[in-house]
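Chains, contacts and geometry: an overview
Below, each chain spelled out in residue letters.
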Amino acid sequence: MTSSQTTDPNVTGIGTSRQRPDAVAKARGEFEYATDLLEKDMLWGATRRSPHPYARIKKVNLNRAKEMPGVHAVLGAWDVPDNRFGAINNDQPVLVDDYARYVGEPIAIVAAEDPELARRAANAIEIEYEPLVPIIDPLDALAKGKIHRHVKYSFGDPTVVGEIQVEGEYFTARQDHSFMAPDAGMARPDGHGGVEIIGATQWVHADRFQIAASLGLPEEKVLVVNSGVGGAFGGRVSMTWQIHGALLAMHTNRPVKFLYSRKEAFHARYHRHPSRIWIRHHATKEGKLLKVEAKVLYEGGPYSHTSAAGIGNGCTLIQGPYNIPNADIEGWAVATNNGMCGPLRGFGVLQGVFACESNLDKLARKLNMDPAKLRAVNAIKRGDQWIFRQIQDRPTPVQEIIEKCSAMPLPPDLPSDEGKIHPVHLPGGIASPTGKKYIKRGIGFTSAVKNVCLSEGAPVNATAMITLRDGAAVIECAAAEVGQGFVTIACQIVQTVLGISEVRIERVDTSMPAAATTDGSQQTVTSGTAVQVAAQTLKERFLKFVAREHNLDVNTLDMKDNFVIDKTGKKFTSIAEAGMGLIFRATEKFSQRNTRPIDDMESNDPVHVTLGFSANRCVVDVDTELGLVKVVQMDVVQDVGRVVNPVQAHGQIEGGAVQGMGLGLMEHLKAEDGHLLNPDWRGYHIPTIVDAPTINSEFVSYPEPGYHFGWKGIAELPHVQAPASVLAALRNATGLELPMAPATPEYVANVLDDNEAMAMNVASGDKKRGPWKVPPPPPQTGPWVSDA
Amino acid sequence: MIIQSPFLAVVESINEALDTKQKRPSSRFISGGTEVIADQNLGLLEPEGYISLRRIKELHTIEPKSDGLYIGAGVVVAQLLDDKAMAQVILLKKAARAFGTRQVRNRATVGGNIASGLPDRTLLPCLLALEATVHLQSAKGKRSLPIKDFLIEPGKTAISKDEILTGTTVPYVKGFQEYYMVGPRNAQFFVTACLALVVDEANKNVRLGLGNAGPTAMRAKEAEEYANNAIDWKKQTVDETIAIKFGEIAAENCSPVSDAAASAAYRRHAIKVMSKRILLRAFERKQ
Amino acid sequence: MSTDERIDYTLKINGKPYKVENAFYSENLLHVLRYRLGLTGTKYGCEHGQCGACTVHIDGKAVCSCMELAACAVGCEITTIEGYNNQDGTLNRLQESFVKHAALQCGYCTPGFIMSAAKFIEENPNCTEDQVREGMDGNLCRCTGYNRIIEAIKEAAEVRK
């Protein structure tokens, strides 16, 4: 059991389970999060949002709100110096000027003396709309050419036909990040014509760039500070209240606080792209994969955001961690008015892996082959070529992972004496109508691949500065800590390189040089490597100084256990003393290798910096008649490179697996006619402590080349494959196809309204659900490309 | 009175509550707050004043009486789990265990759950199956009525504007009692559908209360009638075909809604299956 | 808006009186604790009773402060994480166990978990894993997957011999 592993505040260096530096403050409720910020004389911000998925704004009258007592500013689109911003492209209004394109899109903002006044003032703003017909069906968007990005490529011989062919159409729902701390923060004038934004973000520098541009200020006039972040999971990659706060702070010359309600956060933020994927695998009778064909459709929001990157991830890693010599892939990210879509842990890859793994399940059934064996037979190896024309040039222990995972012990059956089963172990929980005789056990097996670092030409780099004085080091690196534990491992890296125990990391803001974004499992391998390189440089400088001062050969010196030592390990002098009270500094930048867009046929760069692998075996107990499910256990084996902090690594796997299980079973943010149906935690369900299975995780560890310590990004993989794994187990228990995640009770029980529309709209909820019996696609065009 | 301000009153007696309500008709009674304040925070209601009933001691009693167990409206759900007297009404104890969360059970009141009148509330199908009586009081006097007459439509009950719900009397029934529910996950949810079965051994009948199977919590009268005739009361047995039929009739006669949590079809299916299973369960020990 | 909507009252929090002035009658205890009194250890998560991040003790019961009208808590003994903490800045046994078992990542749910678990353990010493799962159903965590939280609470609940 991995959960028997514990942290220790006293251990140091790479490979130990050092305790988080913020753990004590967090356990005492003293750690300051963005929601907690308070300031004397602060005003409260509020936002007036569009109630329509698509509407022309005919008139906005702020006067009534402005006249209300206690209201200090009411601003509309015309108050924004440059009213377009965006995560990648500047195509999104800060405040709606002409057309509102999703429910919840901000139109006007208010600053008032307390939150209730601000709320009332925002409600008092008069807006006239001309509602227009929204696009709510991604197929409709595709037909109308509302396309953020179209990807099309083939590999090998796309005309190859396999003896065995298996195809299917698979769907994943709109998933919400549902991090615990809603969007919040403080904007305050800096007294010199600039503004400071203190909030929760995954990348301070990207925020600053966009805020400064929208305000028409030079970047140095904007300081973005990361406060405590209460979870992110990709949901804080782009901004919500930040530019609004800055505008209000500049207008009122007072600090302005924003705090979104949970419901507001659901509307204001983006969610995981719902997907609809047709995929066909060709194989030999022995189960050797020959070709993969896929048509990948991701529903993006009305603005481009990161949809282009998401569809790129999906269209490449739909391959799964398998060697497939031929491929024909096409994909689209399309624009609808159902709300914004963007990164969520496992960005773009989760959907592709779900389709791939679901279809391989089908292939295994058709071949009557053990699903783990089918995957092992096809495992990609070092030296193989990916379908996106990249050589797999790093350790590739896919087969080993699959075999190791299959060999992990299975959980015991439910006790035969019903009285001995505590209801938390039953499908349905307390007061469940189930019983042992109604329960079937299912086992699913999947493996997965995820790109580590941003891909397709996105620059990935980080700069770190380290200061050593009196034997203690301070790290300045603008990598956002969102709970994942970068603050712990950065200290451990410096401890190991400099041989010291006392290391601390500074709070992150834009006065530091930029680091990588906390995204794509890339922080350890990018910012961590920058920290390591800076520490290495610092060590050389320091030892050079010591050698010179003491007339020694620098090559004989090293640093260990807080001492300068010689080659024999003899302690020469303490590092604190050897520094003679001076300050030693080093700043280094580390850049990941370059990558290329999928369709760049000239370059020989890889598409993805590197790739990580994992396998997950999921065991479920299912009341097949009622569709109730208890996930009993998930066994995860992951390729993790060199582990910096084992407990944190296990923690990432456990948390990611449960978050992925949420999408597998229950997480579905539904939209109907462009309106979210369940935008709060009464209606949007994330796993509780009763739902969470036992998770056993094991590592396979090969040092990753290109990094001194051989580490690898790990945070997303467990989430990427968990939905596929849960569904595989459910298929095993029920014998149903279950092409959609989440498999809510009605799907698992196979009780669907037959008379309702057959066409399945991924985005939409109730009226259009159904067993999506789409006709098989014409081979040239795929299932959805209309003749037009 | 603990607080007396124009928009908020924290009263200490029923009379104070009724007086205040008369003076401020738009004010809303509130006790546990687990529904009303959550709704307020979600923007689902704009309050026009509150009258808090929580400090009215006389609403907090659980008292065995000759005609049943009296449960004050201000009794919180956690008390249903802990109070010794609840051993006589095992159904409510079982339902209480499945109710909300630990924090919610400490605050949500029996009165609030009843007065909400919403179809998915945990206690209502139980009280229907137990044929409980609810007690109302106004300045004009007291009245009591069967719970089935109290529930009118979603969120609407027989309670009038000047009345307060003071409690419920739950008859003692000898025989099997059980509560089942299904939902979107395995803890902490608003029920997708639920039901409660009471077997009245003395009167040889079964009573099935359904939750979220129609506009209000309801009794499955047709199914009950079928079962009462079909059950071999002498042998105390039910065979599977009877249970299946029982479930089918219950499902045929309910009218659940489709919403973001589940389709009407699934709810109907769940009622069918749960009814079947609960009846089998009720009689399996006797076989 | 009417000024009548505003009221003054005094709350007893962690054994000390706190004056609340000119607050809307409709303000919930969570808001008053955090933004009027600066007691931000109690966390704002969903404000509709689902996540338990705002759990405090009122008269010895674990409740969600978001669903409590602040003014209605007049005369009650309110304990927040600030009052529950060891006053010398150290961790108590339950908190130590959370830290040791890495039962927190982003940590935002942690004060709520601690406040719920404190009451749960009081009522269920030597609890089993199953009891922890049932009894801690009112707190959500999005980071850890709960396995380590269960370990932490179980260990803290073991009665020392």
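Nothing here was measured: the structure is a model prediction, and the numbers come from that model.

**Quick look at the packing of aromatic side chains**
Residues and elements named next belong to chain A. If you walk through the whole model with that rule in mind, you get 18 aromatic pairs over all chains. Taking 6.0 Å as the distance between ring centres and 35° as the angle between the ring planes, the aromatic pair formed by tyrosine 54 and tyrosine 99 counts as tilted. Taken as a pair, tyrosine 54 in the loop between strand E1 (43-49) and strand E2 (55-61) and tyrosine 99 in strand E6 (residues 99-100) lie far apart in primary sequence, 45 residues in all. Taking relative accessible area as the criterion, tyrosine 99 reaches 28% and is therefore assigned partly exposed. With a centroid separation of 5.5 Å and 45° between ring planes, the pair formed by phenylalanine 709 and tryptophan 711 is classed as tilted.

**So, the interface of chain B and chain C**
Opposite the 36 residues of chain B that make contact, chain C presents 37 residues. At the junction of chain B and chain C, the tally comes to 5 salt bridges. At the boundary of chain B with chain C, the tally comes to 21 residue pairs in polar contact (both at pLDDT 80 or more). For the side of chain B that touches chain C, the secondary-structure elements that each account for two or more residues are strand E2 (8-10), helix H2 (36-41), strand E4 (50-52) and helix H5 (102-105) of chain B.

**A look at the confidence of the model for chain A**
With 95% of its residues at a pLDDT of 70 or more, chain A has an overall mean of 94. Here residues 754-788 of chain A is modelled with pLDDT under 50, and outside its nearest four sequence neighbours on either side it reaches 83 contacts, counting other chains as well.

**Thoughts on the interface of chain C and chain A**
With 55 residues of chain C in contact, the opposing surface of chain A contributes 71 residues. Between chain C and chain A, the buried area comes to about 5,100 Å², and carbon and sulfur atoms account for 59% of it. Ranking the residues of chain C by area buried against chain A places Arg133, Arg142 and Arg148 of chain C at the top, with a combined share of 18%. The interface formed by chain C and chain A holds 6 salt bridges in total. In this structure, arginine 142 of chain C engages glutamate 667 of chain A in a salt bridge whose closest nitrogen and oxygen atoms are separated by 2.7 Å. It is helix H6 (residues 147-157) of chain C that contributes the most residues to the side of chain C that touches chain A, 5 residues altogether. When its residues are assigned to classes, the side of chain C that touches chain A shows 23 nonpolar, 19 polar and 13 charged.

**Let's talk about the domain arrangement of chain C**
Residues and elements named next belong to chain C. By the assigned domains, chain C splits into domain 1 (3-84) and domain 2 (93-157). Look at where the C-alpha atoms of domain 1 and domain 2 centre, and you get two points 23 Å apart. With 18 residues of domain 1 at the interface, the matching set in domain 2 holds 13 residues. Between domain 1 and domain 2, a total of about 1,300 Å² is buried, with carbon and sulfur atoms accounting for 63% of that surface. Broken down residue by residue, the surface that domain 1 buries against domain 2 is led by His57, Ile81 and Tyr84, which jointly contribute 36%. Counting across the domain 1 and domain 2 interface gives 0 salt bridges. Across the domain 1-domain 2 interface, the total number found is 6 residue pairs in polar contact (both at pLDDT 80 or more). If you list the elements that add at least two residues to the side of domain 1 that touches domain 2, you get strand E3 (55-58) and helix H2 (81-84).

**Some details on the domain arrangement of chain A**
Residue and element names in this part refer to chain A. Looking at chain A, the domain boundaries give domain 1 (23-27 + 461-591), domain 2 (34-133 + 182-229 + 236-268) and domain 3 (275-411 + 420-454 + 599-748). The centre of domain 1, based on its C-alpha atoms, is set 37 Å off from the matching centre of domain 3. On the domain 3 side, the residues contacting the 20 residues of domain 1 number 19 residues. Summed over both sides, the interface between domain 1 and domain 3 buries roughly 1,500 Å², with carbon and sulfur atoms accounting for 62% of that surface. Our count for the domain 1 to domain 3 interface comes out at 0 salt bridges. Counting the contacts that link domain 1 with domain 3 gives 8 residue pairs in polar contact (both at pLDDT 80 or more). Residues belonging to the side of domain 1 that touches domain 3 are distributed by class as follows: 5 nonpolar, 14 polar and 1 charged.

**A short note on empty space enclosed by the protein**
Empty pockets left among the atoms are what a rolling probe the size of a water molecule brings to light. Residues and elements named next belong to chain A. Counted according to the given criterion, the structure contains 15 cavities of 30 Å³ or more. Each pocket or cavity is described by its volume, and for the largest cavity that value is around 590 Å³. The wall of the largest cavity is formed by 38 residues, among which Gln484, Ser521, Gln652, Ile714 and Ala715 lie closest to the centre. Counting residues per element, the ones that place at least two in the lining of the largest cavity are helix H12 (486-498), helix H13 (523-550) and helix H15 (646-665). Per-element tally for the lining of the largest cavity: the top contributor is H15, with 3 residues. Looking at the lining of the largest cavity, its residues break down into 16 nonpolar, 17 polar and 5 charged.

**Some details on the packing of helix H4 (residues 110-123) of chain C against H6 of chain C**
Residues and elements named next belong to chain C. At a minimum axis distance of 10 Å, the contact between H4 and H6 shows a crossing angle of 40°. As summarised for this structure, H4 and H6 are arranged oblique, according to the angle between their axes. Handedness of the crossing formed by H4 with H6: right-handed. Here Phe113, Ala117, Phe120 and Ile121 of H4 lie close against H6, whose contacting residues are Ile149, Ile153, Ala156 and Ala157. Of the residues belonging to the contact of H4 with H6, the class tally is 8 nonpolar, no polar and no charged.

Rules of the game
Residues numbered from 1 in each chain as written. Chains lettered and ligands numbered in written order. Predicted model: local features only at pLDDT ≥ 70, side-chain atom pairs only at ≥ 80, totals over all residues. Heavy atoms only, no water. Phe/Tyr/Trp six-rings, centres within 6.5 Å; stacked < 30°, edge-to-face > 60°. Helix = DSSP H or I, 4+ residues; strand = E, 2+ residues; numbered from the N terminus. Buried < 20%, exposed > 50% of the residue type's maximum accessible area, 1.4 Å probe, protein only. Contact = heavy atoms within 4.5 Å. Salt bridge = Lys/Arg side-chain N within 4 Å of Asp/Glu carboxyl O. Polar contact = N/O pair within 3.5 Å; in protein donor to acceptor, adjacent residues only side chain to side chain. pLDDT = per-residue confidence, 0-100. Buried area = accessible area lost by both parts, 1.4 Å probe. Nonpolar A, V, L, I, M, F, W, Y, C, P; charged D, E, K, R; others polar. Domains from an automatic or database assignment. 1 Å grid on protein atoms, 1.4 Å probe; cavity = no way out; pocket = protein on both sides within 12 Å on 5 of 7 lines; lining within 4 Å. Points joined across faces, edges and corners; volume = space filled by probe spheres on them. Axes fitted to C-alpha atoms, helices over the stretch in contact; angles between N-to-C directions. Parallel < 35°, antiparallel > 145°, perpendicular 65-115°, else oblique. Left-handed = near helix turned anticlockwise from the far one by under 90°.

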